[in-house]
Amino acid sequence: MSAAFKGLRDTTQTARHNILKVACKTGGKLILSQIDRKMIAAGRDRRADTPFAAISYLKVMGYLFEWAVDSGFVNDNPAKGVKKPKAKSQGFPPWTVTDIENFYEKHEEGTQARLAMDLLLFTGLRRSDVFRIGPQHIRDGIIEYRASKNEEMTYSPIHPTLKAILENHQTTHLAYLVTPVHGRPFKSAAAFGNWFGEVCAEAGVGGRAHGLRKTLATSLAEAGNSNSELKARFGWRSDAMASLYTRSANKRKLAISGATKLNENNLSPHLNSVRGKQPKD
């Protein structure tokens, strides 16, 4: 086991182990030097029906052969340059205002469900982090937490609404959120995520925890937050993710700005002549 692999989170190690186990079923008897680019591409194609699985497979095979090259087992990385499939997905959708209203209507203030909602909505933390947050993470009105996903520091200034909620919340644990049955902190992100999914279903809302992160990111971008400000808030290392939100926000503002410049007096003569016509039967 390489030093780089040992430095990965347990969940990441497990995910990569699982991918390699599946790969071993088709090429486990081959030595590394026998595996070529064609074989790597064939493994990708076997996963064509699940593009994200194919992409993950290519990443793991790339990491494997990077180690093999570095260790002197092979001269080249056959996974390098193998074309990744296109996976069209926007991920979990952001919550709408109606979604949030329905959740609040179902879960009263003072409940764990409501507290979880407020923490997610006002901090934008991932589900893998929010269930660990407690009073010890607050410094000068800011929730400071090192993200478990990439170990980047995140800084969430506490909104006045959330400040009042947390001040009224009594806890004897290091985490604000606890399980509804035993009243103890959640043991894992999966446990918290499953429970939050249940309380969402109770409210008739199909949203997920990550959708609230997107809702906050969209709101901040539309309020004029820069890429650097969003990166500091959400713990993103590059501009790529932040740009998704700032770009969309800027396009929306430009569209609205352009629409305000349009009125009946400056419509083109052609549009003025046809806008009142009804379609023929």
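Placed above this text is the structure.
Residues numbered from 1 in each chain as written. Predicted model: local features only at pLDDT ≥ 70, side-chain atom pairs only at ≥ 80, totals over all residues. Heavy atoms only, no water.

Undergrad: Explain the nonpolar core to me, please; I cannot follow it from the model alone.
TA: Considering soluble globular proteins, one finds that nonpolar side chains tend to be buried as a cluster. By size, the foremost hydrophobic cluster in this structure holds 34 residues, and its most contacted members are Trp95, Phe103, Leu119, Phe192, Trp195 and Phe196. Taken together, the elements giving at least two residues each to this core come down to α5 (97–106), α6 (112–123), β2 (142–146), α8 (160–168), α9 (189–202) and α10 (209–222). If one sorts the elements of this core by residue count, α6 sits on top with 8 residues. Other than its neighbours up to four places away in sequence, phenylalanine 196 contacts Trp95, Phe103, Ala116, Met117, Leu120, Arg208, Ala209 and Leu212. One finds Ala23, Tyr57, Val60 and Met61 within the second-largest nonpolar core, a separate group that totals 14 residues. (Core = buried A, V, L, I, M, F, W, Y, C linked by side-chain atoms within 4.5 Å. Buried < 20%, exposed > 50% of the residue type's maximum accessible area, 1.4 Å probe, protein only. Helix = DSSP H or I, 4+ residues; strand = E, 2+ residues; numbered from the N terminus. Contact = heavy atoms within 4.5 Å.)

Undergrad: Can you help me understand the pattern of salt bridges in this one?
TA: One side chain can pair with another of opposite charge once the charged atoms of both are near each other. Within this structure, the stated rule accounts for 5 salt bridges. A salt bridge links arginine 44 to aspartate 45; its shortest N-O distance comes to 2.9 Å. Residue aspartate 45 is classed as partly exposed on the basis of its relative accessible area of 45%. For arginine 139, the salt bridge is made with glutamate 144, and the minimal N-O distance between the two is 3.8 Å. (Salt bridge = Lys/Arg side-chain N within 4 Å of Asp/Glu carboxyl O.)

Undergrad: Mind showing me how you'd approach unusual backbone geometry here?
TA: Negative phi is the rule for most residues except glycine; trans is the rule for most peptide bonds. A positive phi angle, close to 55°, is found at aspartate 140, a residue other than glycine. Counting through the fold element by element, aspartate 140 comes out in the loop between β1 (138–139) and β2. The backbone of glutamate 151 sits at a positive phi, close to 60°, despite the residue not being glycine. You can see glutamate 151 is positioned in the loop between β2 and β3 (153–157).

Undergrad: Could you clarify how one ought to interpret the side chain of arginine 44 in this entry?
TA: Looking at where arginine 44 falls in the secondary structure, it is placed in helix α3 (residues 37–46). Setting aside residues up to four positions removed in sequence, arginine 44 forms contacts with Ala54, Tyr57, Leu58, Val82, Lys83 and Pro85.

Undergrad: How should I be thinking about the packing of aromatic side chains in this particular structure?
TA: A ring pair, where both rings are aromatic, is described by two values, the distance of the centres and the angle of the planes. Scanning the entire structure with this criterion turns up 12 aromatic pairs. Arranged with centres 5.7 Å apart and planes meeting at 5°, the rings of tryptophan 236 and tyrosine 245 form a pair that is stacked. A connected cluster of aromatic rings, assembled from ring pairs, spans Trp95, Phe103, Phe131, Phe186, Phe192, Trp195 and Phe196. One Lys or Arg, arginine 47, reaches over the ring of tyrosine 57 and ends 4.0 Å from the middle of that ring. (Phe/Tyr/Trp six-rings, centres within 6.5 Å; stacked < 30°, edge-to-face > 60°. Lys NZ or Arg CZ within 6 Å of the ring centre and 35° of its normal.)

Undergrad: Would you mind showing me how to read α8 here?
TA: Owing to its 3.6 residues per turn, the α-helix brings residues three or four apart onto one side. Where α8 is concerned, the buried positions are Leu162, Ile165 and Leu166. Considered in projection along α8, the buried side chains sweep an arc of 95° and stay on one side of the axis. Exposed positions of α8 whose direction lies more than 90 degrees from the buried face are Pro160, Glu167 and Asn168. For α8, the elements touching its buried residues are α6 and β1. (Arc of directions from axis to C-beta.)

Undergrad: Looking at this model, I keep getting lost on the packing of α6 against α8. Mind explaining?
TA: The axes of two packed helices give the description: the angle between them and the distance between them. Orientation of α6 relative to α8, taken along the N-to-C sense of each, is 145°, at an axis distance of 10 Å. As for the relative orientation of α6 and α8, their crossing is left-handed in sense. Contacts between α6 and α8 involve Leu115, Asp118, Leu119, Phe122 and Thr123 from the first element and Thr161, Leu162, Ile165 and Leu166 from the second. For the contact of α6 with α8, the per-class residue count stands at 6 nonpolar, 2 polar and 1 charged. (Axes fitted to C-alpha atoms, helices over the stretch in contact; angles between N-to-C directions. Left-handed = near helix turned anticlockwise from the far one by under 90°. Nonpolar A, V, L, I, M, F, W, Y, C, P; charged D, E, K, R; others polar.)

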